[in-house]
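# What the coordinates show
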Amino acid sequence: MNEGIGKLAYWLVLVAVAVSSVNAVVRYGLNTSSNAWLELQWYLFSAVFLLCAGYTFLRNEHIRIDIVLGRFSKRVQAWVDVLGIIFFMFPMTLLIMVLSWPMFMDSFVTNEMSSDAGGLIRWPVKLLVPVGFFLLTAQGVSELIKRIAFLTGHRNEPGEKMHSHS
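Residues numbered from 1 in each chain as written. Predicted model: local features only at pLDDT ≥ 70, side-chain atom pairs only at ≥ 80, totals over all residues. Heavy atoms only, no water.

With that settled, the discussion passes to the pattern of salt bridges. In the structure shown here, the tally under the stated rule is seven salt bridges. For Glu-3, the salt bridge goes to Lys-7, with nearest N and O atoms at 3.7 Å. With Glu-3 and Lys-7 both in helix H1 (residues 2-29) and four residues apart, this pair spans about one turn of that helix. Relative accessible area serves as the criterion here: at 25%, Glu-3 is assigned to the partly exposed category. Classification of Lys-7 as partly exposed rests on a relative accessible area of 32%. Linked through salt bridges whose partners overlap, the residues forming this network are Asp-81, Glu-143, Lys-146 and Arg-147. (Salt bridge = Lys/Arg side-chain N within 4 Å of Asp/Glu carboxyl O. Helix = DSSP H or I, 4+ residues; strand = E, 2+ residues; numbered from the N terminus. Buried < 20%, exposed > 50% of the residue type's maximum accessible area, 1.4 Å probe, protein only.)

And the structure:
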C-alpha cells in the first residue's frame, strides 16, 4: 500500500511544482493572486509530506544518526528498531491519529473554510493527518514483523535501503 502511495506522491510533487510555477507567473507577471492557489500549494506539500512517511519508512530512508548504532551488530540494530517501534513510534503515531480524528470530523461536519478570502475548504487537508499517521503505523507493523523475523532467523538483514526508485 505504501509503495503505491509513494509512487502516487511522485506525481503530487510534479503537480505542486506546476501549481507553484503558475502561481508565481500569475502573481508577478499579471500582478494578481489567489489565496486558493496558495493554499493548494500548501495542501499538496502536506499531502506529500504526510502520505510519504510510511513510504519513506518502507524504503528505510528516514534520516538517522548512525554514528553510535552503526558500530553495533545487525542483531543489536534490529533490537533497537523493535524497541523504538514499540515504545516510541507506535505510541506517537496512535496518539496523533486519535487526537487528529476529532479535528478532522469537526472540520468535515461544519464544512470549515479557510479564513482567508477565496480560500479552500479545510477538511481534506485535516484528513491527511490521521491518514498519513495510519500509513506510517501500518508500515511500522510491517517493519516490526521484518525485524522480528530477522531476530528469529526467518529473514536476512532487515532495514536495508531499497535503491530502486522505479
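In this structure, Leu-51, Ile-85, Leu-128 and Leu-136 are the most contacted members of the largest nonpolar core, which totals 21 residues. Looking at this core, the elements that each hand over two or more residues are helix H2 (35-51), helix H3 (53-58), helix H4 (74-110) and helix H5 (123-151). With eight residues, H5 is the largest single contributor of residues to this core. Setting aside chain neighbours within four positions, we find Leu-128 in contact with Tyr-43, Ser-46, Ala-47, Leu-50 and Leu-51. (Core = buried A, V, L, I, M, F, W, Y, C linked by side-chain atoms within 4.5 Å. Contact = heavy atoms within 4.5 Å.)

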